[in-house]
Structures are given as C-alpha cells and as structure tokens.
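Structural description and commentary
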Amino acid sequence: MDWGTDLWDQYDVMDKHTQSGLDLVERYIKFVKERTEIEQSYAKQLRWVRHLSDSCLQFHALGFFTLLCPCASFDRSLTKKYAKRGSKDEQDCKFSNHGSLQEILNELNDYAGQRELIAENMMTSICVELTKYLQDLKHERKSHLSDAKKAQQNLESSFKHLESTKKRYAKEWAEAEKATQQAEKTESDLNATRLDVEKAKNHSHARTHTAEECRNDYAAQLQKYNKEQNYFYYSEIPQIYNKLQDMDERRIRRLAEGYCQFSEIEKKVLPIISKCLEGISTAGGRIDEKKDSILFIEQHKSGFERPGDLEFEDYTQGIKPATSDSSLNPPKVRAKLWPFSKKHKPPPAEDFSHLPPEQRKKRLQAKIDDISKELQKAQDQSEALEKMKGVYEQNPQMGDPSSLEPQITETAQNLGRLRGEFTKYETWLSEAVGGEESSNTNNNDTQDDVETANQYQNIYTDFDDEFEDVGTPIGQCTALYTFEGNSEGTISITDGELLSIMDGDKGDGWMRVLKATGEEGFIPSSYVKLEM
C-alpha cells in the first residue's frame with residue numbers, strides 16, 4: 001500500500017498530515033529545549049548548594065537537603081551567606097560529620113556536572129540536529145506539494161482547452177445543420193433561382209467542412225487530455241505522493257531516533273551519577289560520632305583542675321582585730337566561678353598564654369611543626385643555591401656566581417629568622433609543660449588563694465565560643481564604602497573606618513576583619529583599600 005495508489009484523491013488530507021508531522025517534530029524540539037533549560041538550571045542550583053558551609057552543621061544539613069528539593073527557591077545571596085570563609089570552618093572539617101557534608105557537596109558538584117553534560121548533549125544531538133533536519137523537511141515538503149499543484153494546474157488547463165474545443169465544435173455543428181436545412185429549403189422553393197440554390201449549397205458545404213475540422217480538433221484534444229489525465233493519475237501524482245510518503249516515513253524514523261536519544265543520553269551518565277550517589281552514601285557511612293566526641297575533647301580540653309569546696313566563714317566569733325600581719329596577709333577572697341557565663345576574652349598573645357594549658361601546648365606544637373616545615377624548605381633552597389653557585393664557579397659560561405649572592409643572603413636571613421622563631425616557640429612549649437605541672441601542684445595545696453581564684457577566673461573566660469582564637473592580624477585596610485552586614489557572619493563598616501585584616505580573600509570576594517570595637521566578621525574585599 002502506498003499513498004500514490006490508495007490516496008490519489010486525498011491531496012488536502014496529505015497536506016494536513018505532513019504539516020502535522022512537521023509540527024510534531026517542532027514541538028519535540030521545544031520540549032527537549034525546555035528539558036535542557038531545566039537541567040542547566042538544576043545543575044546551576046546544585047553548584048550554588050555546593051558552596052554551603054557546614055559551620056552550623058545541624059542547620060546546614062537541613063537546609064542542604066531542603067535546597068535539593070526541585071520546588072525550592074534559590075538565591076545567590078543565600079549561598080554566599082553559607083559559603084566557607086573562615087579558618088574555624090577548616091577546623092570543624094576535622095569532625096567526621098562536618099567533613100562528610102563537605103564530601104557530599106564535592107560529590108554534588110560532580111553530579112551537577114553530569115546534569116550539565118546531559119543538557120549539553122541533548123541540545124547538540126537532539127535540538128540542533130533535529131532543527132536542521134526539520135528545515136530540510138519543510139523545503140522538501142514544499143517542493144513536493146508545489147509539484148502536485150503544478151501538475152493539477154496543467155491538467156486543469158488542458159481540460160479547459162478541451163471544453164473550449166468541444167464548445168466550438170458544438171457551435172459549428174449546429175451552424176452546419178442550420179446551413180444544410182436552409183439549403184434544402186431553398187432547393188425546394190419553386191421561386192428560388194439556380195443561383196440562390198447554388199449559393200445555399202456552397203454555404204452549407206462550407207459550414208459542414210468547418211464543423212468537421214472542429215470535430216477533428218475536439219477529437220484530437222480529447223485524445224490528448226485523456227492521455228495527460230492518465231499520466232496525471234497513474235504516474236505523475238503517484239510519484240509525487242509516494243515521495244511525500246517517503247519523506248513522512250523518514251521524518252517518523254528520525255523522530256523515533258530522537259526519542260531514543262532522549263533516553264540514551266541520560267543512560268550514558270548514569271554510571272557516573274551512580275558513583276556520585278555511592279560517594280554520598282559512603283560519606284554518610286563514614287561518620288563516627290564517638291571519634292568526633294573524642295576529637296572535640298582533645299581540641300578544647302583546658303587541663304585545669306576543678307575548683308575546690310568553699311570554706312565556711314563563721315561570723316559568730318566576731319571579727320578579729322587587725323594585726324600587723326593582716327596588712328601583709330590580707331583575708332582570702334574566693335572569686336565566683338561561672339563557666340557558662342559570657343565574659344570578655346583576653347587579647348591573644350604571641351606565646352598563646354591567653355589559652356588554657358592543654359590548648360596552649362597544642363597551638364605551640366602546631367606552630368613548631370609549621371616552622372619546621374618552613375625551615376626544611378628554606379634549607380633545601382639554600383643547598384640548591386649553593387650547588388648552583390658551585391656549578392657557576394666551575395663553569396662560568398653557565399652563569400655569574402655573584403648574581404646568586406642576593407638570593408643566598410636573603411635565604412640565610414630567612415633561615416636565621418626561622419631558627420630564632422623555632423627556638424622561641426620550643427622554649428615557650430617547655431615552659432608550658434613545666435608550668436602546667438607546677439600550677440597543678442600549687443592548685444592542690446592552696447585552693448583558696450586569691451591568685452588561684454584569679455587564675456580560675458581567667459580559665460573560664462577562655463571557654464567562650466569554644467575557645468575560638470581571634471588570631472593575629474595580617475594587615476590593615478581602610479573602608480572605601482559603607483557596608484550593612486545584615487547576613488549571618490558579616491559585620492557593618494562605615495566609609496573611612498580603619499580595620500585589621502584577620503583572613504584575606506580566599507577567592508570568593510570576602511575577607512575577615514576586626515574592628516576597633518572588637519567586633520569581627522566578613523566584608524566584601526572590594527569595599528576596602530589595603531594599607532601598605
């Protein structure tokens with residue numbers, strides 16, 4: 001079965017059917033485009049979520065999974081608000097529950113990349129290719145329909161010419177019969193002359209001859225039209241309609257391939273997506289609550305002894321008169337210890353003496369380790385420069401040994417500085433270890449001493465905000481504009497205000513600063529000017 005044989009008289013139906021098929025292709029292209037826009041938007045939103053910080057894990061974990069909901073609304077300011085920007089966040093990542101969320105965000109970033117790949121492949125393999133193919137189909141369909149109309153017009157023109165020849169033949173034949181009847185009438189008329197009879201017969205003969213010529217023209221034109229009509233219905237139109245049928249079948253097959261591509265493109269990335277999801281599950285299973293508790297204890301254990309019992313002061317015995325010893329030995333005063341109250345934190349010291357003993361030892365040891373790494377790096381650099389200098393001295397053509405002297409001198413000065421700092425911090429660490437033992441002994445012997453009370457007072461001051469250390473400023477800057485810090489973790493600054501830089505820009509456009517009032521927080525890096 002084919003269109004040319006079975007639908008030879010359904011031109012309008014084929015016109016609508018082929019147009020409907022092209023509309024379907026166009027609608028599918030639009031559908032895939034909208035799908036790619038959804039994928040791109042989803043991937044973009046996932047990448048925004050990727051920057052969530054885990055500085056407040058319970059809240060961020062809840063917010064993180066809420067933002068994954070397709071119905072959730074996303075805002076760039078929200079992700080900036082939760083972006084990781086401080087050293088405390090890096091310290092928190094040592095906890096397994098914090099670090100696991102960070103791993104989940106990393107896996108989510110890879111997952112977002114696969115969604116973008118899906119969108120890109122759908123756009124190039126389906127939308128772009130089908131759009132080109134659709135344009136070719138439109139031109140082909142237009143050409144076939146135009147050929148069918150042209151053939152129909154030619155047949156109609158031939159039919160009009162046949163009708164014209166037929167009418168002329170009918171007219172001439174009627175005139176010939178009329179002339180013949182007139183000649184017969186004239187011949188039977190007794191009053192008619194021979195000349196009249198001959199004239200009537202000649203006229204009748206001429207009319208009959210003309211009618212015969214018209215009859216022959218009509219017969220020839222009829223034969224020609226029947227031949228053209230036979231060619232039109234049995235050859236020309238079937239060929240055109242079969243071409244339309246072939247075009248429509250090719251369209252259907254190409255559209256079916258597009259449907260399959262819609263699935264295959266996503267299937268190709270499913271293994272990687274599965275790995276991302278497995279990574280998220282692995283990150284969740286890696287959480288160890290006991291290990292996190294032990295790590296928290298190690299990070300914030302002060303090392304101090306608990307305060308002893310207060311002595312009962314009996315006022316019923318009266319107040320003893322003051323003696324000369326009382327001026328030298330004032331009555332013992334017991335300070336109140338409130339470990340859960342908020343107190344002003346002492347300013348940070350270079351030797352970390354503002355921290356509790358355990359925390360001080362850890363900070364000093366960490367500082368010593370950092371200096372050791374820098375010292376080893378500087379020593380390696382010094383040895384490399386000396387070797388290079390020796391090579392230059394043996395082979396002058398390779399370079400001037402004196403050109404290395406500034407670098408050698410600078411490296412030697414850096415080594416001296418690092419060695420001095422190393423010795424300084426080692427001395428402080430030795431004092432911290434020895435001082436802790438001495439302090440513990442003193443606390444056990446004289447618990448009611450005023451100095452002990454003051455020492456405990458300072459201990460619990462350091463418990464504020466989980467012993468968070470302000471740190472040492474790394475520079476100064478001046479505010480160029482006024483900034484209203486309305487988001488969590490940010491602070492407000494005014495134009496011309498002098499600020500201390502605690503943490504520089506990590507590439508996200510934010511920096512942590514300390515105001516003269518002691519207030520600390522994040523501000524945009526572009527709002528300040530660095531002081532040299």
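A quick note: this is a predicted structure, and the numbers were derived from the prediction, not measured. Think of each chain on its own: its residues are numbered from 1, step by step along the sequence as written. It should be noted that, the model being predicted, local features are given only for residues of pLDDT at least 70 and side-chain atom pairs only at 80 or more, the latter also being counted only at that level, while totals for whole chains, interfaces and linings use all residues. Derived side-chain values reflect all non-hydrogen atoms in the structure, with water molecules and hydrogen atoms excluded from consideration.

What follows covers the overall build of the protein. Under the DSSP-based scheme used, a helix requires at least four consecutive residues in state H or I and a strand at least two consecutive residues in state E, with every element numbered from the N terminus. If you tally the helices and strands in the protein, you get 12 helices and 5 strands. The long-range fraction of contacts in the protein, counting pairs at least 24 apart against all pairs at least 6 apart in sequence, stands at 76%. With residues, only the protein chains shown are counted as cover, and all accessible areas are computed by Shrake-Rupley using a 1.4 Å probe. Of the accessible surface of the protein, which amounts to about 34100 Å², a share of 52% is contributed by carbon and sulfur atoms. Residue contacts follow a heavy-atom distance rule, with two residues in contact if any of their heavy atoms lie within 4.5 Å.

The next subject is the nonpolar core. We define the nonpolar core as a collection of buried residues of types Ala, Val, Leu, Ile, Met, Phe, Trp, Tyr and Cys that are connected through side-chain atoms lying within 4.5 Å of one another. Whether a residue is buried, partly exposed or exposed follows from its accessible area with a 1.4 Å probe, protein chains only, as a fraction of its type maximum: under 20%, in between, or over 50%, in that order. Counting 41 residues, the largest nonpolar core has Tyr28, Val32, Met122, Ile126 and Tyr241 as the members making the most contacts within it. Elements with a contribution of two residues or more to this core: α2 (11-50), α6 (96-188) and α7 (194-285). In terms of residue count, α6 provides more of this core than any other element does, 16 residues in total. Once residues lying within four places of it in the same chain are set aside, the contact partners of Val32 are Met122, Ile126, Cys127 and Phe262.

Below, the discussion takes up the environment of Glu26. By secondary structure assignment, the location of Glu26 is in helix α2. In this structure the C-alpha to C-alpha distance between Glu26 and Gln135, which are 109 residues apart in sequence, comes to 9.9 Å. Those residues within four positions of Glu26 in sequence are excluded, and the remaining contacts are Leu134 and Lys138.

Take the environment of Phe262 next. Inspection of the secondary structure puts Phe262 in helix α7. We classify Phe262 as buried; its relative accessible area is 19%.

We now examine helix α8 (residues 289-300). Spanning 12 residues, α8 covers 17 Å between terminal C-alpha atoms, matching the ideal 16 Å at 1.5 Å per step. Those residues of α8 not exposed but buried are Asp292, Gln299 and His300. Each buried residue of α8 sits inside an arc of 75° when the element is viewed along its axis, so together they form one side. Across from the buried face of α8, at angles greater than 90 degrees, the exposed residues are Lys290, Lys291 and Ile297. The opening residue of α8 is Asp288, an N-cap whose side-chain oxygen sits 3.2 Å from the backbone nitrogen of Lys290. A helix is expected to span 1.5 Å multiplied by its residue count minus one. It is the directions from the helix axis to the C-beta atoms whose arc is reported. Any N or O atom pair separated by 3.5 Å or less is treated as a polar contact, with the protein-specific requirement of one donor-capable and one acceptor-capable atom, and with residues adjacent in sequence counted only for side-chain atom pairs.

Looking now at the side chain of Ser96. Secondary-structure assignment places Ser96 in helix α6. Of the residues examined, Ser96 reaches a relative accessible area of 15% and is grouped as buried. Here the side chain of Ser96 touches Asp288 through a polar contact of 3.0 Å, landing on its backbone nitrogen.

In this section: the pattern of salt bridges. For this document, the term salt bridge refers to a Lys or Arg side-chain nitrogen within 4 Å of an Asp or Glu carboxyl oxygen. Throughout the structure, instances matching the rule amount to 22 salt bridges. A salt bridge links Lys424 to Glu350, with the nearest nitrogen and oxygen atoms 2.8 Å apart. Placement of Lys424 in helix α11 (residues 405-445) and of Glu350 in the loop between α9 (324-328) and α10 (357-394) is noted, with a sequence separation of 74 residues between them. Residue classification places Lys424 among the partly exposed residues on the basis of a relative accessible area of 28%. The salt bridge involving Arg512 is made with Glu520; its shortest N-O contact spans 1.8 Å. We classify Arg512 as buried; its relative accessible area is 10%. Residue classification places Glu520 among the partly exposed positions, given a relative accessible area of 26%.

In this section: the environment of Ala151. Tracing the backbone shows Ala151 in helix α6. For the pair formed by Ala151 and Glu228, sequence separation is 77 residues and the distance between their alpha carbons is 9.8 Å. The residues touching Ala151, leaving out its near neighbours within four places in the chain, are Phe232 and Glu236.

Right, let's get into the confidence of the model for the protein. Of all residues in the protein, 78% have pLDDT values of 70 or greater, and the mean over the chain is 77. The pLDDT value expresses, per residue, how confident the predictor is, ranging between 0 and 100. Confidence drops under a pLDDT of 50 for residues 52-83, and excluding neighbours within four residues, the segment shows 57 contacts in the predicted structure. The model gives residues 437-470 a pLDDT under 50, and that stretch makes 71 contacts with residues more than four places away or in other chains.

Each strand in a sheet pairs with another by means of backbone hydrogen bonds, the pair being arranged parallel or else antiparallel. Pairing between two strands requires that DSSP report at least two bridges joining them. The strand order across the open sheet built from 5 strands is β4-β3-β2-β1-β5, with neighbouring strands paired in antiparallel fashion. The open sheet has two free edges, formed respectively by β4 (520-524) and β5 (528-531), since each of these has just one partner strand. Taking the axes of each pair of neighbouring strands and ignoring which way they run, one obtains an average angle of 45° across the sheet. In this structure, strand β1 (residues 475-479) lies alongside β5, joined through 4 bridges in antiparallel fashion. Its bridge partner lying in β5, Thr478 is registered against Lys529. Note on geometry: axes are C-alpha line fits, over the in-contact stretch for helices, and angles between N-to-C directions span 0 to 180 degrees.

Once that is clear, we can look at the packing of aromatic side chains. Each Phe, Tyr or Trp ring, with Trp reduced to its six-membered ring, pairs with another whose centre is within 6.5 Å; inter-plane angles below 30 degrees give stacked pairs, above 60 give edge-to-face pairs, and intermediate values give tilted ones. On inspection of all chains with the given rule, the structure shows 13 aromatic pairs. Look at Phe159 and Tyr225: their rings are 5.3 Å apart centre to centre, the planes differ by 50°, and that puts the pair in the tilted class. With Phe159 in helix α6 and Tyr225 in helix α7, the pair connects residues that are 66 residues apart, well separated along the chain. The class for Phe159 is partly exposed, based on a relative accessible area of 36%. Among the residues examined, Tyr225 registers a relative accessible area of 10% and is labelled buried.

Across the 5 residues that make up strand β3 (residues 510-514), a large majority, 5, are buried. Side chains of β3 alternate between two faces, with Trp510, Arg512 and Leu514 and Met511 and Val513 buried alike. Connecting strand β2 (residues 498-503) to the antiparallel partner β3 that follows it, the hairpin turn spans 6 residues, and Gly507 within it adopts a positive phi of roughly 105°. Inspection of the sheet shows β3 paired to β4 by 5 bridges, in the antiparallel sense. Residue pairing for β4: Arg512 is matched across the bridge by Phe522. Counting the residues that bridge the hairpin from β3 to β4 gives 5 residues, and of these Gly518 lies at a positive phi of roughly 95°.

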